[in-house]
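Here are the chains, one letter per residue:
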Amino acid sequence: MKTIVRIIMAFILLGMCVWTYFYLRNTFPVSQRSPEAYCFDNMWVLGVYFREWAEDHGGAFPFNVSTNDGGARELCESDQDGFAKDSVAIFKSMRANVGEFLSPWVCPLDSKKRAASWDNLMSKNITYRVHLGTNVNVANTNEVLLYCPIHGYLLLSSGDVVDRQRKALPAYPRPFLITKPKPKGD
Ligand SMILES: [Zn+2]
C-alpha cells in the first residue's frame, strides 16, 4: 500500500514539475530564446529601423543619403567585400526615427559588449555588417542589407531575415518588446 502511495506522490510531483516548466516557459519566453532566435530578432529589428528611415527618405538607406539630408553617405567607406568599414555613423543617423534604445547591434554569440545608449554606440558594440551600394535600397528587395558574420544570416532590403543559402529561417515568435512590425511590401 505504501508503495502505491509513493508512486502516486511521485506522479503528482512529476506533474507539478512539468506544469512549472511550461508555466515559466510561457511567462518568460525571452529568457528561453536561443542565440539564433536572438540574432534573428536583432536583424529583424534593424530591418525595421532601416525601412522606417527609408520611408522618410524616398526609399534610400542612410549610406546613400548625404549627411546634409540626415544620412551618412560621406562617412561611409567600403571594404573589399562591399561592406561598410565602420557603420556607427549609419546607425546613428537613424537615431531620430528609432527613438528608444533597444541595442540590437550585437549578435548574442559575439564577445562584443552591448552599448548602453545611443551616445555610447561605437564600432566595438556592433556585430552586424552593413552592405553598401546604390543598388541597396527599398525597391531592390532581394539585396543584402545586413550580415551577421557569426551566423551568416542575411537581412534583405525587404526586411526579411534569411540564412546563408537565402532560405527563410524558422518563424521565431516576435520578441515582446516589438509592437510595430512592418507589413511586407510597404
Ligand atoms: Zn548572429
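Residues numbered from 1 in each chain as written. Predicted model: local features only at pLDDT ≥ 70, side-chain atom pairs only at ≥ 80, totals over all residues.

Caption draft 1: Highlighting the nonpolar core. Counting residues in each nonpolar core, the largest one holds 35 residues, and the members touching the most others are Met-43, Tyr-128, Leu-146 and Leu-155. Elements that contribute at least two residues to this core include exactly helix H2 (35-55), helix H3 (88-92), strand E2 (144-147) and strand E3 (154-156). A total of nine residues in this core trace back to one element, the largest contributor, which is H2. With residues near it in sequence (within four places) discarded, Met-43 still touches Tyr-128, Leu-146, Cys-148, Tyr-153, Leu-155 and Val-161. (Core = buried A, V, L, I, M, F, W, Y, C linked by C-beta atoms within 7 Å. Buried ≥ 20, exposed ≤ 12 C-beta atoms within 10 Å, placed from the backbone. Helix = DSSP H or I, 4+ residues; strand = E, 2+ residues; numbered from the N terminus. Contact = placed C-beta atoms within 7 Å.)

Caption draft 2: Local environment of unusual backbone geometry. Backbone geometry at Arg-166 places phi at a positive 65°, although glycine is not the residue there. With respect to the secondary-structure elements, Arg-166 resides in the segment after strand E4 (161-162).

Caption draft 3: Local environment of the pairing of E2. Both strand E1 (residues 129-130) and E2 contribute to a ladder of two bridges, which runs antiparallel. In the sheet register, Arg-129 faces E2, and the bridge partner there is Tyr-147. Relative to E3, E2 is paired through three bridges, and the arrangement is antiparallel. If you follow Tyr-147 over to E3, its bridge partner there is Leu-154. (Pairing = 2+ DSSP bridges.)

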